[in-house]
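# Working through the structure, step by step
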Amino acid sequence: MGWSEWNRGVEIEPSLYAADFSRLGEQIAVLLDAGVRAFHFDIGDGHFVPPVTIGPIVLESIAEQIHDGGAVIDCHLMTETPEKHFEAIAKAGGDSVTVHYEACPDLAAVASVARASRLQFGVAFKPETEPQVAVPTAQSAGADLVLCMSIEPGYSGQEFMPAAFDRIAETRALLPEGTPVQVDGGIDDENIARVRGVGATLFVAGTSVFGTDDIAGAYRRLVEAAA
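These numbers come from a predicted model, not from an experiment.

## Focus: helix H7 (residues 164-174)
Because each turn of an α-helix spans 3.6 residues, side chains separated by three or four positions end up pointing in the same direction. Ala164, Phe165, Arg167, Ile168 and Thr171 are the residues of H7 that are buried. Within H7, the buried residues cover an arc of 165° as seen down the axis, which keeps them to one side. Exposed residues pointing more than 90 degrees away from the buried face of H7 are listed as Asp166 and Ala173. The inward-facing, buried residues of H7 abut strand S5 (120-125), helix H6 (131-140), strand S6 (145-149), strand S7 (181-184) and helix H8 (192-197).

## Focus: the side chain of Gln182
Tracing the backbone shows Gln182 in strand S7. By relative accessible area, which is 0% here, Gln182 ends up buried. Of the polar contacts made by the side chain of Gln182, one reaches the side chain of Asp74; its length is 2.8 Å. Those residues in contact with Gln182 that lie beyond four places of it in its chain are Glu13, His40, Asp74, Leu145, Val146, Leu147, Cys148, Leu202 and Val204.

## Some words on the pattern of salt bridges
Counted under the stated rule, the structure contains six salt bridges. A salt bridge links Arg115 to Asp144, with the nearest nitrogen and oxygen atoms 2.6 Å apart. Linking Arg115 in helix H5 (residues 107-116) with Asp144 in the loop between H6 and S6, this pair joins segments that are 29 residues apart in sequence. For Arg115, a relative accessible area of 35% puts it in the partly exposed group. The salt bridge partner of Asp189 is Arg221, with a shortest N-O separation of 3.9 Å. Taken together, the residues Asp189 in the loop between S7 and H8 and Arg221 in helix H10 (residues 215-226) connect sequence positions 32 residues apart. What you see here is one network of salt bridges that share partners, running through Asp20, Arg23 and Glu26.

## Describing the sheet that holds strand S8 (residues 202-205)
Strands sit in the order S1-S8-S7-S6-S5-S4-S3-S2 across an open sheet of eight strands; the sheet is parallel. At either end of the open sheet lies a strand with only one pairing partner, and these are strand S1 (11-14) and strand S2 (38-44). Taking each pair of neighbouring strands and ignoring which way they run, the sheet shows an average axis angle of 25°. Across the sheet, helix H3 (residues 56-68) touches S2 and strand S3 (72-78), and the angle it forms with S3 is around 150°.

## Quick notes on the state of the cysteines
Taken as a whole and judged by the stated rule, the model has zero disulfides. Here Cys75 is not disulfide-linked; the sulfur of Cys104 is the nearest cysteine sulfur, at 15 Å. As a non-bridged cysteine, Cys148 has Cys104 as the owner of its nearest cysteine sulfur, 17 Å distant.

## Here's the deal with the side chain of Thr179
Take Thr179: it is sitting in the loop between H7 and S7. Relative accessible area serves as the criterion here: at 11%, Thr179 is assigned to the buried category. For Thr179, the residues in contact, after removing those within four places along its chain, are Ala143, Asp144, Leu145, Val146 and Arg172.

Definitions and limits used
Residues numbered from 1 in each chain as written. Predicted model: local features only at pLDDT ≥ 70, side-chain atom pairs only at ≥ 80, totals over all residues. Heavy atoms only, no water. Buried < 20%, exposed > 50% of the residue type's maximum accessible area, 1.4 Å probe, protein only. Helix = DSSP H or I, 4+ residues; strand = E, 2+ residues; numbered from the N terminus. Arc of directions from axis to C-beta. Contact = heavy atoms within 4.5 Å. Polar contact = N/O pair within 3.5 Å; in protein donor to acceptor, adjacent residues only side chain to side chain. Salt bridge = Lys/Arg side-chain N within 4 Å of Asp/Glu carboxyl O. Pairing = 2+ DSSP bridges. Axes fitted to C-alpha atoms, helices over the stretch in contact; angles between N-to-C directions. Disulfide = S-S within 2.5 Å.

Okay, structure coming up:
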C-alpha cells in the first residue's frame, strides 16, 4: 500500500514534533479516535536544520500503537544524507520518508534506497527553491508525493508564508494528477481551504492541533475547514 490508498482525498497529518512528549501515547490515542490516519514525524539532524529532533528510538516506541489504530507514519527527514537513516526508520516502523531536494544531489539514487527498504518516497523543497527546479527532478526520481514547504524547515510554530500559495499552485500544475502535493508549515483552519483550493491534499498541522486544549476538536475543525 502507499499514498494512493492512504490519502482519502484530504488528509490532515498531525505533526508529532509539536506534541506534548510527556503525554505522547495518550495524545496519539485521542487523535486516532478522532479519525487521524496519517501522522507526520519530523527528523532534524542539527546540520541541514539547526534543531536536533526525534528519531528512530521514539518512532519505534509509538509505531505499533499507530499501526494498530489503522494509521501510517510519514517521516520528514530534514537531514543531510537522509538515505543513511532509511533502514533504521523502516525497522522502527516508518511507512514513508520525505527527503529534501536541497540535501540530495542524486534524488534517483536516494529513491532507490527508500524502495529497497519498502518505504514510500517523497521530496520536499524549501521556500527559496523554485518549484520548476525541484518538481521535475522529484518526478523523474519517482516521488510518491511532493512537499511544498510553507515555512523554513526546522521549527514548529512558524506562520504560513503567503507566497506559498503561488508555489503550491505551480507545484500542482507540474505534477501528474495522481501525485499528491503536501504542505507543511502554518496550516490552520483559516487558511487550509485556500491551500486546498490551489492544489494540496496532504496537510501537516503541528501547533494548530497540539497547541490547543482540545486536540481532537482541533483536528476535526481542520477536516471541516478543508472540506
